[in-house]
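# Geometric and topological summary
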Amino acid sequence: MWWNNVETKPGTGFPTRWEDQEKYKGGWKVENGELKLRSTSKTKTVTNIFHNPNMPTLDDYYEPWTYKYKDLFDSPESDDQPTARPISMVTGEEMDIEAGPNWDDDLAGSPIYAENDINLDGLSEEQRNQMFAIERLMMFYFPRICNHCVNPSCVASCPSGALYKRGEDGIVLLDQERCRAWRSCISACPYKKTYYNWNTGKSEKCILCFPRVETGQAPACFHSCVGRIRYLGVLLYDAELIEETAKRPDDELVDAQREMILNPFDENIIREAKKNGIADSTIEAAQKSPVYKFVKEWGIALPPHVEYRTLPMLFYVPPMLPVMSAQEGDAVRNINEEFFPDFEKARAPIKYLAKMFGGGNESHLRYVLKKQSAIRAYRRAETVGDIEKLDAEKALLEADCTPKEAEGIYQLTSLCTFEDRFVIPAAHREEAIEMMKDPLEHKQEAGFGFKEAPARGW
Amino acid sequence: MKNIFSINTIISITLFINVNSFLFSQSDPEEFFEKNCFSCHTIGGGRLTGPDLKDVEKRKDAAWLEKFILNPESVINSGDAYASKLLKEARGVVMPKVANLDQSMSRALLKFIREESSKEKSRFAGSTFADRPLTEEDYMIGNELFIGTKRLKNKGPSCISCHEIAGEGFLGGGLLGPDLTEAYGRLGGKKAIAAWLANPSSETMSPIYKKHPIDEDEVLPLVAFLKNKAEGKDIVSDAHDFNFMIFGFIGLALCLVLFDLAWGNRLRAVRKPMVKGELS
């Protein structure tokens, strides 16, 4: 159970080929103009309540293991060194390790795992061969937590109503007291980011470290990220547009989701937000939000697999993977005189990235990669000077970017501080609690955690 | 909410009990005797399944009788000599504990029996409808009534729904009541059985047949049927146990096929077939 895992792409991920919704039946589909869950319906909830047919197996997650370390100390003297053999943490028996949490990294580019990446579907044979050719072989990391979707299919599928999206900050949570272990959410989540805990008999998921967020701190994985590539901020959106947005065709979904996100500087929107009880501090945070800049102002962050129609609220800046060298005869030569060659010839085909981040729409990926490339050229011209300033500015113009914007992106991606990366408004939990009970009474009870640890039964 | 609910339940149960005892305190011993005792006992009419109760108090004292009436089985089990003798005379048929019989009613009953015994001819000297001889036609009708191809006139359930008899019926009879193959001899012959059927008084049967009694015209055919079976005539093969088992297996197989049709297309594995190159 990994609330937060990092996968290697191309690869089949965790659980194996989780992106294959033909098999796992996660997310939404549009049927007769209506949004329907792939995994379940009102009737299916009844007929399948004791047997959910689309569940990933233990083997698809991987069988957890440890090693018999004691053997290293206890083995009798012999000609060979003692070894610690792997044993299953499920059965306690010795086992062969066949899969792991990031098996694609352990076997990067292997003909079995990497080539079965479902995002490669639709690539030509030549493109596939190029991707896995020596010196062109490419990989990038794909960190995954719960996407805290705007239209979460896990919430929609739960027969017990244990899952909910918090109104105050949009964090999707799973009530450990209400969960009845039907495991509908596990099928319904297309990102396979809810997990069933066999020890407690409850499902679990990433909580976006809400106790930290409530106290103004970044979630632990955001805070500790050594690459400083995780940003957290407020986005205002129009909840009435959710259904309509989620019904749009695959290739329009990225744009539709962006349209749904509102401009926090717009006077009308500020007025409406206030009318709806959104605190001034939240609006202010939305104006400073790094996520708003990435997604809406600059348009360089894209939602993962938006075609599952859950409208994920995590956004990724797609990677640039230029080809710098190639094999010629026996030698590997630098084939690029330019530092920033044509990204159309990059190692990761645009089509592949578009399947992951664009709902199949390649124009978004072209836009993002072009902008990134132009900004790098611009900064190179600024700092090193081996690129003509005029050429760089021309590149910026072509990439729909101004020098000011380029500077902003450079600042936020390279020289950012904690305050830039995480703009977390006061949680106003008291207002949320007020709806249920007296906040002062709640305050006296808070801090003792669960009255009981999560356990089977009710 | 929970507390309120349980209080409600208690109130309704108490009401129910009160109504019940109220109803029975109203009934007089004569009516009670007719409904509950007459199927096995006469007063001056000779033995049926149980002994003739005429002058019963001359045979045993009132205290003993009261104890026996209230709980026959415990007196028999206590090893009482007279009770054992009675059991033997009744061919091992234990007198059932009579529902809604309390101490005051048992005293009233004894008093009633005393009064009836002093009469020259009691109303309860035995029924007369069972006097005519049994015919072959009786047996045929009895057979139909027993296995239910012919419905009982007053819509009572057919015997086979609770009783087995000599392998009758494709899957045998019900197992709730005892096997009736030997019932004719056990209960003491034609007259006793007829009396029982006219007014079944065991704890299980009496509430069922009180509202839907077996008609007098139906009693003798059933007696004829029971008699023939007890004499070993028309014994059907004992294959119903086997039939039942085969039926069970077929049912199981059908259920499994149904389950497979409904859920056979489930997700079984992704990684293993992928590694083997069998991914569809």
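Since the model is a prediction, treat every value here as computed from it, not as a measurement.

As a further point, take the overall build of chain B. Helices and strands together make up the secondary structure of chain B, namely 14 helices and 0 strands. The long-range share in chain B, meaning contacts at least 24 apart out of those at least 6 apart in sequence, stands at 67%.

When you go through chain A residue by residue, the secondary structure sums to 22 helices and 12 strands. Rg of the C-alpha trace for chain A: 24 Å, near the compact-globule value of 23 Å for 458 residues, within the 12% margin. With the C-alpha coordinates aligned to their principal axes, the bounding extent of chain A is approximately 80 × 70 × 50 Å. Within chain A, the proportion of its 458 residues that are buried is 35%. Taking as baseline every contact in chain A between residues at least 6 positions apart, the subset at least 24 positions apart corresponds to 64%.

All names here are of chain B. Where helix α4 (residues 62-70) contacts helix α7 (residues 103-118), the axes come no closer than 10 Å and their chain directions differ by 120°. In terms of orientation, α4 and α7 fall into the oblique class. The handedness of the crossing between α4 and α7 is right-handed. Touching Ala-62, Leu-65, Glu-66, Ile-69 and Leu-70 of α4 are Ser-106, Arg-107, Leu-109 and Leu-110, all from α7. Class assignment for the residues of the contact of α4 with α7 results in 6 nonpolar, 1 polar and 2 charged.

Burial in helix α12 (residues 253-260) of chain A covers these residues: Leu-253, Val-254, Gln-257 and Met-260 of chain A. Along α12 of chain A, the residues classed as buried sweep out an arc of 120° about the axis, all on the same side.

So, about the domain arrangement of chain B. Residue and element names in this part refer to chain B. Annotation of chain B at the domain level lists domain 1 (28-118), domain 2 (129-230) and domain 3 (249-275). Its C-alpha centre places domain 1 at a distance of 24 Å from the equivalent point of domain 2. Every contact between the two is made by 13 residues of domain 1 and, on the other side, 13 residues of domain 2. Class assignment of the residues belonging to the side of domain 1 that touches domain 2 gives a composition of 6 nonpolar, 3 polar and 4 charged.

Our next topic: the confidence of the model for chain B. Residue and element names in this part refer to chain B. Averaged over all residues, the pLDDT of chain B is 81; the fraction at 70 or higher stands at 87%. Under a pLDDT of 50 for its full length, residues 1-25 has, in the predicted model, 1 contact with residues more than four places off or in other chains. Here the predicted complex carries an ipTM of 0.83, next to a pTM of 0.71.

Next up on the list: the environment of Lys-150 of chain B. All names here are of chain B. By the element assignment, Lys-150 lies in the loop between α8 (136-147) and α9 (183-187). Note on Lys-150: 16 C-beta atoms within 10 Å, which makes it partly exposed. For Lys-150 and Gly-264, which are 114 residues apart along the polypeptide, the C-alpha to C-alpha distance reads 45 Å. When near neighbours in sequence (up to four residues on either side) are disregarded, Lys-150 contacts Glu-144 and Leu-145.

On the side of chain A, 14 residues touch chain B, which itself brings 10 residues to the contact. Looking at the side of chain B that touches chain A element by element, the count peaks at 4 residues for helix α14 (residues 271-275) of chain B. Split into classes, the residues belonging to the side of chain B that touches chain A amount to 7 nonpolar, no polar and 3 charged.

Here we take up the nonpolar core. Of all hydrophobic cores here, the largest spans 74 residues; its most connected members are Leu-163, Ala-374 and Leu-396 of chain A. With 7 residues, the top contributor of residues to this core is helix α17 (residues 362-383) of chain A. Leaving out residues up to four positions away in the same chain, Leu-163 of chain A has contacts with Cys-154, Val-155, Cys-158, Val-172, Leu-174 and Cys-185 of chain A. Listed in part, the 43 residues of the second largest apolar core include Cys-37, Phe-68, Ala-83 and Phe-225 of chain B.

Our next topic: unusual backbone geometry. Residues and elements named next belong to chain A. Residue Pro-10 is bonded to the preceding Lys-9 through a cis peptide linkage, with omega at -5°. In this structure, Pro-10 sits in the loop between β1 (5-9) and α1 (21-24). Of the consecutive residues Phe-14 and Pro-15, the connecting peptide bond is found in the cis state with omega at -5°. Within the fold, Pro-15 resides in the loop between β1 and α1. Phi at Ala-181 takes a positive value of approximately 65°, unusual for a residue other than glycine.

So, about the pairing of strand β9 (residues 194-197) of chain A. Residue and element names in this part refer to chain A. Judged from the 4 bridges that link them, β9 and strand β10 (residues 202-205) form a sheet pairing that is antiparallel. When the sheet's bridge partners are listed, Asn-197 is paired in β10 with Lys-202. Taking the residues that link successive antiparallel strands as the turn, the β9-β10 hairpin has 4 residues, and the phi of Gly-201 there is positive, at about 75°.

All names here are of chain A. Within the element layout of this structure, Phe-315 appears in the loop between α15 (290-297) and β11 (325-328). A tally of 20 C-beta atoms within 10 Å means that Phe-315 is categorised as buried. Residues Phe-315 and Ala-301 lie 14 residues apart in sequence; the distance between their C-alpha atoms is 5.3 Å. For Phe-315, the residues in contact, after removing those within four places along its chain, are Val-291, Phe-294, Val-295, Ala-301, Leu-302 and Pro-303.

With that settled, the discussion passes to the packing of helix α16 (residues 350-357) of chain A against α17 of chain A. All names here are of chain A. The geometry of α16 relative to α17 is characterised by a closest axis approach of 8 Å and an angle of 105° between their N-to-C directions. Between α16 and α17, the angle falls in the class roughly perpendicular. Here α16 contributes Ile-350, Lys-351, Leu-353, Ala-354 and Phe-357 to the contact with α17, which in turn contributes Glu-362, Leu-365 and Arg-366.

The share of residues in chain A with pLDDT of 70 or more is 94%, and the mean pLDDT across the chain is 90. Of all secondary-structure elements in chain A, the lowest mean pLDDT belongs to β11 of chain A, at 66, while α15 of chain A reaches the highest, 97.

This part is about the environment of Glu-115 of chain B. Residues and elements named next belong to chain B. Counting through the fold element by element, Glu-115 comes out in helix α7. In this structure Glu-115 comes out as partly exposed when scored by C-beta crowding, with 13 C-beta atoms within 10 Å. C-alpha of Glu-115 to C-alpha of Lys-54: the two residues are 61 residues apart in sequence and 9.7 Å apart in space.

About the thresholds
- Residues numbered from 1 in each chain as written.
- Chains lettered and ligands numbered in written order.
- Predicted model: local features only at pLDDT ≥ 70, side-chain atom pairs only at ≥ 80, totals over all residues.
- Helix = DSSP H or I, 4+ residues; strand = E, 2+ residues; numbered from the N terminus.
- Contact = placed C-beta atoms within 7 Å.
- Rg over C-alpha atoms; globule rule 2.2 N^0.38 Å.
- Buried ≥ 20, exposed ≤ 12 C-beta atoms within 10 Å, placed from the backbone.
- Axes fitted to C-alpha atoms, helices over the stretch in contact; angles between N-to-C directions.
- Parallel < 35°, antiparallel > 145°, perpendicular 65-115°, else oblique.
- Left-handed = near helix turned anticlockwise from the far one by under 90°.
- Nonpolar A, V, L, I, M, F, W, Y, C, P; charged D, E, K, R; others polar.
- Arc of directions from axis to C-beta.
- Domains from an automatic or database assignment.
- pLDDT = per-residue confidence, 0-100.
- Core = buried A, V, L, I, M, F, W, Y, C linked by C-beta atoms within 7 Å.
- Pairing = 2+ DSSP bridges.

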